[in-house]
Amino acid sequence: MVTTNDIVANILNFDEEEFFNADNSIMGPKEELLLDLEYFGLAVNAPPIINIDTRDLLPLIMAVQFSGDRDWDIPLKDNCILVGTNLVDGTVTFAKAFVSEKEMKSRGIKEKTPKEPKPEGLAMEAAQLMELDPKDCLSMEWDPGIWALGVIYYDWASNSVEVTLKGNENIVPSSARPVSPEPNPDGKGVLPCFLPTEQTPQPPEEGLKFSGELKIENQKQILNFFGSFVLPTRDFHLPVEKRVHQYTDGSQENIAAVIPITLAILGLNWEEPLQYDWAVPVYGAPLAPGMKALGFFSINALAEDDALAPGKYMIYIVMDGKIFGPKALQIN
């Protein structure tokens with residue numbers, strides 16, 4: 001079975017000059033190789049280090065292979081969303097992969113036209129390599145920093161690739177942001193909650209696991225998410241000064257780190273997902289960069305009186321530059 005990691009290693013294995021000069025003479029043979037592989041999905045790669053004083057481009061190369069049926073039902077150009085995580089402060093940005101911010105502003109209102117019946121004889125497989133422009137699409141500041149980049153294609157997610165932008169100035173990480181949402185002071189089992197409960201999944205060795213539940217209470221949608229995670233601590237996760245959460249039963253929890261976590265809710269042909277940015281505390285003894293941080297969360301994403309219309313949605317979580325999911329959600 002060919003994996004996304006195999007595609008990165010054997011198809012998207014460009015050297016620096018190839019990344020910055022990826023014309024058809026370079027991409028064409030790679031597409032032919034991809035088409036010969038038993039692979040359906042998408043993968044991305046980029047130069048690991050870019051000198052911003054000599055380059056003004058961040059070339060992100062995407063390889064995708066899909067069936068003609070899929071491209072008809074889920075058009076790539078309408079459903080391909082860039083995911084950028086600033087690993088200096090944890091900020092996550094989503095943007096259409098094939099439409100720059102300037103084009104978005106100038107497009108005006110686009111009327112939807114009825115889709116024609118699906119034609120017969122659509123291709124069994126189609127392979128494409130294409131260069132994306134996250135610098136433009138994500139409106140990135142061209143300053144020294146570290147970015148993680150990936151792509152969501154409705155119910156498919158790519159790997160993430162980390163790129164360091166080097167310049168004359170040092171990269172200065174932010175300090176930990178305030179916890180958000182604030183935990184319910186009643187403690188375990190009352191949302192928002194950042195202690196392990198019966199509903200939080202068992203922690204992975206590394207990464208994130210999550211589950212969700214949709215229910216109606218007092219004619220209001222409740223969309224709870226329960227997660228656990230393990231990741232290496234980064235500088236911007238660490239509080240500058242001691243922080244403690246005090247609970248009504250008298251217990252206290254030391255905040256060792258604060259981890260930015262972004263929930264994305266996506267519908268078919270959407271311009272961008274609904275985005276919920278959380279800052280989740282890791283409780284316990286003080287941590288240092290590189291040490292493993294273990295955390296938990298139980299949060300109602302619709303606590304601010306948001307509501308989702310009937311339809312099918314894909315749910316993703318972005319943490320530490322990586323994309324987790326999807327989980328499908330049907331609202332009738």
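Residues numbered from 1 in each chain as written. Predicted model: local features only at pLDDT ≥ 70, side-chain atom pairs only at ≥ 80, totals over all residues. Heavy atoms only, no water.

Structural notes on the sheet that holds strand β6 (residues 126-132)
Phase 1: Pairing is antiparallel in the open sheet, where 3 strands are placed in the order β1-β3-β6. Of all strands in the sheet, those with a lone pairing partner are β1 (41-45) and β6, marking the two edges. Here the average twist between neighbouring strands, direction ignored, is 15 degrees.
Phase 2: Running at roughly 140 degrees to β6, helix α3 (residues 24-35) makes contact with β3 (60-66) and β6 of the sheet. (Pairing = 2+ DSSP bridges. Helix = DSSP H or I, 4+ residues; strand = E, 2+ residues; numbered from the N terminus. Axes fitted to C-alpha atoms, helices over the stretch in contact; angles between N-to-C directions. Contact = heavy atoms within 4.5 Å.)

Quick notes on the nonpolar core
Phase 1: If you look at the biggest cluster of nonpolar residues, it comprises 60 residues, and the most contacted ones within it are L58, M62 and L165.
Phase 2: The leading source of residues in this core is β3, at 6 residues.
Phase 3: Not counting the four nearest positions on each side in its chain, M62 is found in contact with L42, A43, V44, C80, F98, Q128, L129, M130, L132 and V151.
Phase 4: Counting residues in each nonpolar core, the second largest holds 41 residues, with F194, I265, W278 and A279 among its members. (Core = buried A, V, L, I, M, F, W, Y, C linked by side-chain atoms within 4.5 Å. Buried < 20%, exposed > 50% of the residue type's maximum accessible area, 1.4 Å probe, protein only.)

Observations concerning the pattern of salt bridges
Between side chains of opposite charge, a pair can form as their charged atoms come close.
Phase 1: Scanning the entire structure with this criterion turns up 10 salt bridges.
Phase 2: Notably, a salt bridge pairs E17 with R55, separated by 3.1 Å at the nearest N-O pair. Of this pair, E17 sits in helix α2 (residues 16-20) while R55 sits in the loop between β2 (49-51) and β3, placing them 38 residues apart in sequence.
Phase 3: Assessed through its relative accessible area of 47%, E17 is described here as partly exposed.
Phase 4: K215 serves as the salt-bridge partner of E217, at 3.4 Å between the closest nitrogen and oxygen.
Phase 5: A relative accessible area of 39% places E217 in the partly exposed class. (Salt bridge = Lys/Arg side-chain N within 4 Å of Asp/Glu carboxyl O.)

Brief notes about the pairing of strand β15 (residues 292-300)
Phase 1: For β15, the buried fraction is high: 7 of the 9 residues fall into the buried class.
Phase 2: Here 9 bridges tie strand β11 (residues 220-232) to β15, and the two strands are oriented antiparallel to one another. Bridged to P232 within β15 is K292.

Digging into the side chain of T200
Phase 1: Checked against the element boundaries, T200 lands in the loop between β9 (161-166) and β10 (207-217).
Phase 2: At 2.8 Å, the side chain of T200 forms a polar contact with the backbone oxygen of T197.
Phase 3: The contact partners of T200, leaving out residues within four places of it in the chain, are F226, G227, F296, F297 and S298. (Polar contact = N/O pair within 3.5 Å; in protein donor to acceptor, adjacent residues only side chain to side chain.)

As for the sheet that holds β11
Hydrogen bonds between backbone groups are what pair the strands of a sheet, and the pairing can be parallel or antiparallel.
Phase 1: Spatially, the 3 strands line up as an open sheet ordered β10-β11-β15, and their pairing is antiparallel. Only two strands of the sheet have a single partner each, and these edge strands are β10 and β15. Strand-to-strand twist of the sheet, defined as the mean angle between neighbouring strand axes without regard to direction, takes the value 5 degrees.

As for α3
Phase 1: Between its terminal C-alpha atoms α3 stretches 16 Å, which fits the 16 Å expected from 12 residues at 1.5 Å a residue.
Phase 2: Buried within α3 are the following residues: I26, M27, G28, K30 and L34. (Expected span 1.5 Å × (residues − 1).)

Digging into the side chain of D320
Phase 1: Positionally, D320 belongs in the loop between β16 (311-319) and β17 (322-331).
Phase 2: Residue classification places D320 among the buried residues on the basis of a relative accessible area of 13%.
Phase 3: Side-chain polar atoms of D320 contact the side chain of R234, separated by 2.6 Å.
Phase 4: D320 has contacts with L87, L231, R234 and H237, leaving out every residue within four places of it along the chain.

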